[in-house]
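# Summary of the model geometry
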Amino acid sequence: MSNSTGCYNTNCPGFNLAPDAKLAPGSVLPISTTQQKHTLTIKIAKEKDAWSLYAGVDGSATYIGNWPDSLFIGLADKATDINFGGFTQSPNKILSPPMGSGYLSESIGAATFKDVQFIDNQGNAYGIDWKLPSDVTVPTCYDIGDLENRQFAYGGPGGCTN
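Residues numbered from 1 in each chain as written. Predicted model: local features only at pLDDT ≥ 70, side-chain atom pairs only at ≥ 80, totals over all residues. Heavy atoms only, no water.

## Some points on the sheet that holds strand 4 (residues 62–68)
Taken together, 4 strands build an open sheet; the order of strands is 1-4-3-2 and the sheet is antiparallel. Both edges of this open sheet fall to strand 1 (16–17) and strand 2 (40–46), since each of them pairs with a single strand only. As defined by bridge partners, strand 2 adjoins strand 3 (residues 50–57) across 7 bridges and the pair is classed as antiparallel. Considered in strand 3, the bridge of Lys46 is made with Trp51. (Pairing = 2+ DSSP bridges. Helix = DSSP H or I, 4+ residues; strand = E, 2+ residues; numbered from the N terminus.)

In structure tokens form, the structure reads like this:
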């Protein structure tokens, strides 16, 4: 994240959305059920003068846009950390919404991240199979499972108040 721009997602003044992007910020994605799961593929790659975003639903990822190197201090050549997560929010005294599929990580219906990989600057992919730190602020409403076999489950029914 750039300290001067606050860029950490596509809602950033410097993000360049491709005019023919098949997905865009705010796109409505298909909802998975216990009978039919959908797959969202996300890839962020360092390219010549930018960090490029590729994404796709139930198929290969296509180019969405990029963050130019000029937005970042220290990320012009490589990334040193990878962070991702989920977030829910509700007004005060209103029950919080579900996260993921609405099931806790131990449930067969829980949402999952699969095939979690690090891809180096030579294009070599490495599966991530080690324990990662996690931070769950309301474990009675949401949780995250351990990363095993390059995948982990997450989510929860919500229903908490703040």
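Structure's up, so let's keep going.
## Concerning the pattern of salt bridges
Think of it this way: side chains of opposite charge can pair up when their charged atoms draw near. In this structure the tally under the stated criterion is 2 salt bridges. The shortest N-O distance in the salt bridge between Asp69 and Lys46 comes to 3.0 Å. Of the two residues, Asp69 is situated in the loop between strand 4 and strand 5 (111–114) and Lys46 in strand 2; the sequence distance between them amounts to 23 residues. A relative accessible area of 27% places Lys46 in the partly exposed class. Between Arg150 and Asp115 there is a salt bridge whose closest N-O contact spans 2.2 Å. Separated by 35 residues along the polypeptide, Arg150 in the loop between strand 8 (143–144) and strand 9 (151–155) and Asp115 in the loop between strand 5 and strand 6 (117–119) bring together distant segments of the chain. Residue classification places Asp115 among the partly exposed residues on the basis of a relative accessible area of 41%. (Salt bridge = Lys/Arg side-chain N within 4 Å of Asp/Glu carboxyl O. Buried < 20%, exposed > 50% of the residue type's maximum accessible area, 1.4 Å probe, protein only.)

## Examining the packing of aromatic side chains
Per the stated rule, a full pass over the model turns up 4 aromatic pairs. Aromatic side chains Phe113 and Phe152 sit 4.9 Å apart centroid to centroid with 10° between the ring planes, which places their arrangement in the stacked category. Of this pair, Phe113 sits in strand 5 while Phe152 sits in strand 9, and the two are 39 residues apart along the sequence. Given a relative accessible area of 30%, Phe113 falls into the partly exposed group. (Phe/Tyr/Trp six-rings, centres within 6.5 Å; stacked < 30°, edge-to-face > 60°.)

## Points about the sheet that holds strand 5
Ordered in space as 5-9-8, the 3 strands form an open sheet in which the pairing is antiparallel. Edge positions in the sheet fall to strand 5 and strand 8, since each has one partner strand and no second. Two elements, strand 8 and strand 9, share 2 bridges in a ladder whose sense is antiparallel. Within strand 9, the position partnered with Asp143 by the bridge is Gly155.

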